[in-house]
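Now for the letters of each chain:
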Amino acid sequence: MTVPDIRIQVLNASPVNGEGEFILYWMIAYRRAHCNFALQRAAERAHELNKPLVILEALRSGYPWASDRLHRFVLDGMADNARRLERKGVCYYPYVEPLLDAGKGLLAALAAQACVVVTDDFPAFMLPRMVTAAARQLPVRLEQVDSNGLLPLRAADRVFTTAYSFRRFLQKNLRWHLIEFPEEDPLAGAGLPRLHRLPEQITERWPKAKDDMLAGGKRSLAGLPIDHSVAATETRGGSVAAEAVLQRFLDERLTRYAEARNQPEEAVTSELSPYLHFGHVSAHQVFVELMTREGWSIGDLATVAKGSRSGWWGVSPSAEAFLDQLVTWRELGFNICWQREDYDRFESLPQWAIKTLSEHARDPRPHLYTLEELESGRTHDPLWNAAQMQLAREGRIHNYLRMLWGKKILEWTTSPQEALAVMIELNNKYALDGRDPNSYSGISWVLGRYDRPWGPERPVFGKVRYMSSESAARKLRVRDYVSEYAL
Ligand SMILES: Cc1cc2nc3c(=O)[nH]c(=O)nc-3n(C[C@H](O)[C@H](O)[C@H](O)COP(=O)(O)OP(=O)(O)OC[C@H]3O[C@@H](n4cnc5c(N)ncnc54)[C@H](O)[C@@H]3O)c2cc1C
């Protein structure tokens, strides 16, 4: 199957250069060699033009929140890609920027020798700006391919304001896209011409990342101009680890997902979000592995689209509950980031939320904390401090506590705008899955997005949904959690 047209966008008017030496795949978001429409498109182009395929996976140093933690996770993925691509007859070029801006010019230098450049269509963080700038500069055609989720970004022409309305849309429209899946191995039997070596003037100026760097050598990150105070975690990145995490979920956790997914102490959620974020696993792959276990076929889909959370897919209650997160909630976040450039701004919240939060912006706050106090988990609330410390140390928090974490930041900062900025800073600095469309949708959910007005109207929150640590602590067995992460 060829990559569906709806997933491909041509970003500039530059021509395909039939005299070029190779096809260049600029891998920036779907950092994997499998189930990847963008890589598949690049391979298709290489076949059409009978040219070698070069895959550039670059890691810059100067992007916001670059740290040992994020670098290590991406580098683990690069090591997996290097191993997997070694025997595929393509040229894999992992590049790690040693000094700020040292990588400038690398893409243009490669593109000057390429027939066409193919890249990933990720709708958030600094990636859209980076790709737009490249499109203006490159002398050859730049194609962007969407391999984000089951629903192509362009299949929905509006912003959805509730999960319910998006779910109804999916139930009416997703069926046609469930028969268009990426190849498990887009390079299987590729038989492409080989590129014997990249031009020396390129590899000398921008040397390939060394094996020691990819393998996680002790001092490998020390010399890089990134934030060393955010340490690497024990969670290993890459496609191999992602597959193990997926199997653990399917084997040991899935059956209890529907009943226990809101219980942080139960550990039944998949913990796939960092791998989904960095593209080490694809939503299509997760879907296929889950549905194979469920013995599902497309004929099991319900024919009516009621927008209900459960029942449409025709699988077990736990699988339905999981798909509601993986598909409805995850792709809802992609929808807004793709549709609205201001997805990370206060002004993009629903009108009712802006109004009520503004009306309560000057309400007295019984507790006010600075970014530094919040960051170091020094508030009066032990449960909140524990959640923040888990985020700072491990790069993750369970979804239920993450909601509480955000709601308290709204309560303890001087304005909703400041709360938004603090949540973005802490989430994106520490969370392995941060800087994702779902970072921004989760954070703006705290401020009312995808929600409805709630009563009674309260100080600071107005009609925005309130959550209290006391009731969370009553519902959850938090004593062990708090003592584990106490300062
Ligand atoms: C304040 C706040 C900040 C958040 N920041 C992020 C973030 O930076 N990155 C991120 O991926 N998610 C974020 N979320 C959403 C959610 O907390 C995580 O996706 C989820 O906890 C990931 O854990 P999991 O992989 O075990 O999820 P599972 O329950 O196993 O769900 C499977 C997948 O579905 C998706 N998903 C699950 N819950 C949600 C949700 N509520 N919204 C959107 N997608 C969801 C994720 O891709 C997840 O990996 C945030 C939520 C809040 C309230």
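The structure this text deals with has already been given above.
Anyway, here's the lowdown on the structure attached to this text. (Residues numbered from 1 in each chain as written. Predicted model: local features only at pLDDT ≥ 70, side-chain atom pairs only at ≥ 80, totals over all residues. Heavy atoms only, no water.)

**Observations concerning unusual backbone geometry**
Cut-off, in case you're wondering: Numbering of helices and strands runs from the N terminus; a helix is a DSSP stretch of H or I covering at least four residues, while a strand is a stretch of E covering at least two. Any residue under 20% of the maximum accessible area for its type is buried, any over 50% is exposed, and the rest in between are partly exposed; the area is computed with a 1.4 Å probe on protein chains only.
Cis peptide bonds are those with omega within 30 degrees of zero, and the linkage from Gly455 to Pro456 qualifies with -5°. Looking at the secondary structure, you find Pro456 in the loop between helix H18 (437-446) and helix H19 (469-475). Although it is not a glycine, Trp65 sits at a positive phi angle of roughly 70°. With respect to the secondary-structure elements, Trp65 resides in the loop between strand E3 (53-59) and helix H2 (68-86). By relative accessible area, which is 22% here, Trp65 ends up partly exposed.

**Some thoughts on the packing of aromatic side chains**
The condition that has to hold: Stacked, tilted and edge-to-face pairs are distinguished by plane angle, under 30 degrees for stacked and over 60 for edge-to-face with tilted covering the rest, among Phe, Tyr and Trp rings (Trp via its six-membered ring) whose centres lie within 6.5 Å. When the NZ atom of lysine or the CZ atom of arginine is within 6 Å of a ring's centre and also within 35 degrees of its normal, the charge is said to sit over that ring.
One pass over the structure, following the stated rule, counts 20 aromatic pairs. With a centroid separation of 5.0 Å and an interplanar angle of 70°, the aromatic rings of Tyr343 and Tyr440 are classed as edge-to-face. Of this pair, Tyr343 sits in the loop between helix H12 (317-339) and helix H13 (351-359) while Tyr440 sits in helix H18, and the two are 97 residues apart along the sequence. Here Tyr440 falls in the buried class, since its relative accessible area comes to 7%. Put simply, the rings of Phe181, Phe287, Trp296, Trp312 and Trp313 pair up and form one aromatic cluster. When the ring centre of Trp445 is taken as reference, the NZ or CZ atom of Lys407 above it lies at 4.8 Å. Above the face of the Trp454 ring, Arg452 is positioned so that its terminal group lies 3.8 Å from the ring centre.

**Some details on the sheet that holds E3**
Threshold: Here, any two strands with at least 2 DSSP bridges between them count as paired. All axes are obtained by fitting lines to C-alpha atoms, using only the stretch in contact for helices, and the reported angles, taken between N-to-C directions, cover 0 to 180 degrees. Contacts were defined at the residue level, with two residues in contact if any of their heavy atoms lie within 4.5 Å.
Here six strands make up an open sheet; going across it, the order is E1-E6-E5-E2-E3-E4 and the pairing mixed. Only two strands of the sheet have a single neighbouring strand rather than two, namely strand E1 (8-10) and strand E4 (91-96). Between one strand axis and the next, the sheet turns through 25° on average, direction left out of account. Here five bridges tie strand E5 (residues 114-120) to strand E6 (residues 141-145), and the two strands are oriented parallel to one another. Counterpart to Val117 in the pairing with E6 is Leu142. Sheet strands in contact with H2 are strand E2 (22-27), E3 and E4, and its direction is about 165° off that of E3.

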